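# Structural description and commentary
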Amino acid sequence: MKKQIITGLLAAFTIAASAQSFKEWLDPEVNAVNRASMHTNYFAYESADAANRGIMEQSSNFMTLNGNWKFLWVKDADVRPTDFWKPDFNDRGWGDMPVPGVWELNGYGDPIYVNVGYAWRNQFKNNPPQVPAENNHVGSYRREIVVPADWKGKDIIAHFGSVTSNIYLWVNGKYVGYSEDSKLEAEFDLTPFLKPGQKNLVAFQVFRWCDGTYLEDQDFFRYSGVGRDCYLYARNKKRIEDIRVTPDLDTDYRNGSLRVSVSLKGSGNVNLELLDAAGNPVATEQLTVAALP
């Protein structure tokens with residue numbers, strides 16, 4: 001009985017620790033919650049023929065999230081909606097926003113160009129990690145999607161190419177995670193939240209400024225919103241998760257070497273084949289995959 005109580009408390013603590021606090025956007029100790037690790041830029045196709053064609057959008061493992069989303073924009077961060085992610089929320093009075101698309105070029109707010117100093121310099125004294133609520137625009141997005149039924153049994157990953165300045169994400173009324181780093185992709189494992197073959201509600205919220213904005217002050221127009229492609233992709237449970245290829249030369253610059261390191265997920269065997277520029281195999285290796293925690 002005591003063991004069951006302890007196990008239950010640990011489970012409750014784990015759930016509470018992963019829940020959103022709505023303070024991540026002001027916390028310098030947090031720039032991601034439940035975000036997938038960064039990895040080499042590649043796409044896993046369903047077959048060698050599909051990989052040779054190299055058209056990601058035509059893959060059965062791909063589903064775009066680009067297009068029009070229901071959208072609500074507010075001028076000040078402290079009046080943003082806090083329950084818009086609920087499935088029964090009424091968004092019939094909302095407008096539309098293209099994804100990808102930045103707010104300032106779609107009728108919401110004005111683009112700011114600043115060469116030296118932060119964009120809030122005329123209204124707020126720098127006080128990191130605090131950023132102002134006034135004129136800190138917030139955009140809320142909602143969209144229903146149907147995930148392919150044959151993705152059941154696979155891992156389903158969401159890819160957001162570039163969201164400025166951050167993103168809070170919910171699926172089917174459940175909090176998924178958070179990310180800053182506005183010029184990097186943010187990926188989340190949606191497998192526990194999605195229902196393949198059925199309608200699913202995806203909702204996310206974006207702040208014009210967050211604590212990370214202090215580290216992203218550059219000489220360019222300051223736009224907000226989604227700047228790059230967004231999509232879902234499916235992966236097999238047993239797979240190569242990441243790959244690093246490191247070429248090198250000896251001290252005489254005559255002989256070369258190639259080191260390939262792979263991170264694997266799942267259990268069983270994976271065949272790794274290296275091809276030359278013409279597509280001919282030059283090496284084949286079978287890897288035994290141990291299950292990762």
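Everything below is about the structure printed above this text.
Residues numbered from 1 in each chain as written. Predicted model: local features only at pLDDT ≥ 70, side-chain atom pairs only at ≥ 80, totals over all residues. Heavy atoms only, no water.

## Side note on the packing of aromatic side chains
- Taken as a whole, this structure holds 31 aromatic pairs when the rule is applied.
- When the centroid spacing of 5.2 Å and the interplanar angle of 70° are considered together, the rings of Tyr118 and Tyr214 count as edge-to-face. Linking Tyr118 in the loop between β6 (112–114) and β7 (138–146) with Tyr214 in the loop between β13 (199–207) and β14 (220–222), this pair joins segments that are 96 residues apart in sequence.
- Looking at Tyr214, the relative accessible area reads 12%, which means it is buried. (Phe/Tyr/Trp six-rings, centres within 6.5 Å; stacked < 30°, edge-to-face > 60°. Helix = DSSP H or I, 4+ residues; strand = E, 2+ residues; numbered from the N terminus. Buried < 20%, exposed > 50% of the residue type's maximum accessible area, 1.4 Å probe, protein only.)

## Thoughts on the nonpolar core
- One finds Tyr141, Phe160, Leu169, Leu190, Phe204 and Leu232 to be the most contacted residues of the largest nonpolar core, which totals 30 residues.
- Broken down by secondary-structure element, the contributors of at least two residues to this core are β3 (67–74), β4 (95–99), β7, β8 (155–160), β10 (167–171), β12 (186–189), β13 and β16 (230–235).
- Core analysis: the second largest hydrophobic core is formed by 22 residues, Leu26, Ala119, Trp170 and Tyr178 among them. (Core = buried A, V, L, I, M, F, W, Y, C linked by side-chain atoms within 4.5 Å.)

## Details of the environment of Lys152
- Within the fold, Lys152 resides in the loop between β7 and β8.
- Sequence spacing of Lys152 and Leu194 is 42 residues, and the spatial spacing of their C-alpha atoms is 9.5 Å.

## A few points about the environment of Lys154
- Following the sequence through the fold, Lys154 ends up in the loop between β7 and β8.
- Among the residues examined, Lys154 registers a relative accessible area of 24% and is labelled partly exposed.
- As a C-alpha pair, Lys154 and Lys238 span 84 residues in sequence and 9.4 Å in three-dimensional space.

## Remarks on the pairing of strand β18 (residues 256–265)
- By the bridge criterion, ten bridges tie strand β17 (residues 239–249) to β18 in an arrangement that is antiparallel. Opposite Arg239, over in β18, you have Lys265 as the bridge partner. (Pairing = 2+ DSSP bridges.)

## Considerations on the side chain of Asp155
- Assignment of secondary structure puts Asp155 in strand β8.
- Side-chain polar atoms of Asp155 contact the side chain of Lys237, separated by 2.5 Å.
- Look past the residues within four positions of Asp155 in its chain and what remains in contact with it is Thr191, Tyr233, Ala234, Arg235, Lys237, Arg239 and Lys265. (Polar contact = N/O pair within 3.5 Å; in protein donor to acceptor, adjacent residues only side chain to side chain. Contact = heavy atoms within 4.5 Å.)

## Describing the sheet that holds β16
- Within the open sheet, the four strands sit side by side as β2-β16-β8-β12. Their pairing is antiparallel. In this open sheet, the two strands that pair with only one neighbour each are β2 (62–64) and β12. Taken pair by pair, the neighbouring strands of this sheet meet at an average axis angle of 20°, ignoring direction.
- As defined by bridge partners, β8 adjoins β12 across four bridges and the pair is classed as antiparallel. Opposite Ala158, over in β12, you have Phe188 as the bridge partner. (Axes fitted to C-alpha atoms, helices over the stretch in contact; angles between N-to-C directions.)

## Thoughts on unusual backbone geometry
- The step from Pro128 to Pro129 runs through a cis peptide bond, and the omega angle for that step is 5°.
- The topology assignment puts Pro129 in the loop between β6 and β7.
- Cis rather than trans, the peptide bond between Thr164 and Ser165 has omega equal to 5°.
- You can see Ser165 is positioned in the loop between β9 (163–164) and β10.
- One non-glycine residue, Asn172, lies in the positive phi region at around 50°.
- The class for Asn172 is partly exposed, based on a relative accessible area of 22%.
- Unusually for a residue other than glycine, Tyr253 sits at a positive phi of about 55°.

## Comments concerning the environment of Gln218
- Positionally, Gln218 belongs in the loop between β13 and β14.
- When the C-alpha atoms of Gln218 and Tyr118 are compared, they prove to be 8.8 Å apart, with 100 residues separating the residues in sequence.

## Describing the pattern of salt bridges
- Evaluated as defined, the whole model comprises nine salt bridges.
- In this structure, the salt-bridge partner of Lys265 is Asp155, at a minimum N-O distance of 3.8 Å. With Lys265 in strand β18 and Asp155 in strand β8, this pair connects stretches of sequence that are 110 residues apart.
- Among the charged side chains, a network of salt bridges with common partners joins Asp155, Lys237, Arg239, Glu241 and Lys265. (Salt bridge = Lys/Arg side-chain N within 4 Å of Asp/Glu carboxyl O.)

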